[in-house]
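# Understanding the architecture of this molecule
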Amino acid sequence: AAATIYGAGDMKLITWLSAAGYLTEISNLFLDIRWFQLKVAPGQPNNTVYAINSVFLLVSYIATRIVVMPWAMVTHLWPRYKDYEAMGQLTSFHVISGGCCFITLLSVAYTYILLKNGLRAFLFYGKSGAKSKEN
């Protein structure tokens, strides 16, 4: 029933949109590894491993949360506006659209937070890089 409501009667659409949403969680793996390196691993993290993980984090975060989410909305959800309207499900359309927009804005803000000290500070641990107090 929920798939029918949120997919404007098209279960494949909402399944696809859900899968695209779950894809954004890939970056959490690298964020968790980074946290582990900074908080749990004793001593200074290996800079090479830390830098490689940081690159994966940055690329996966931007690709999935700032590119894929809006792309899915613009190419798969918004063209179906008339379907949602015909099914009397404009509330669902606006909840999905609003949620995607809000999450994308939060993701842009978090990307700024990650990079506010510069790319070098984001990529490398140490004197000019990240410190163990990072969240």
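Here we summarise the structure given alongside this text. (Residues numbered from 1 in each chain as written. Predicted model: local features only at pLDDT ≥ 70, side-chain atom pairs only at ≥ 80, totals over all residues. Heavy atoms only, no water.)

Let's shift gears to the pattern of salt bridges. Enumeration over the complete set of coordinates arrives at 3 salt bridges. Asp83 serves as the salt-bridge partner of Arg80, at 2.4 Å between the closest nitrogen and oxygen. We classify Asp83 as partly exposed; its relative accessible area is 31%. A salt bridge links Lys82 to Glu85, with the nearest nitrogen and oxygen atoms 3.7 Å apart. With Lys82 and Glu85 both in helix α5 (residues 81-86), this residue pair falls 3 residues apart, about one helical turn. (Salt bridge = Lys/Arg side-chain N within 4 Å of Asp/Glu carboxyl O. Buried < 20%, exposed > 50% of the residue type's maximum accessible area, 1.4 Å probe, protein only. Helix = DSSP H or I, 4+ residues; strand = E, 2+ residues; numbered from the N terminus.)

By secondary structure assignment, the location of Thr111 is in helix α6 (residues 90-115). Linking Thr111 and Leu58, residues 53 residues apart in sequence, is a C-alpha distance of 8.1 Å. In contact with Thr111, not counting residues within four places along its chain, are Tyr61, Ile62 and Ile66. (Contact = heavy atoms within 4.5 Å.)

Once that is clear, we can look at the nonpolar core. Residues Leu17, Leu77, Tyr84, Ile96 and Cys100 are the most contacted members of the largest nonpolar core, which totals 14 residues. Where this core is concerned, the elements lending two or more residues are α2 (11-23), α4 (47-77) and α6. For this core, the element with the most residues is α4, which contributes 5 residues. Aside from chain neighbours lying at most four places away, what touches Leu17 is Ala72, His76 and Leu77. (Core = buried A, V, L, I, M, F, W, Y, C linked by side-chain atoms within 4.5 Å.)

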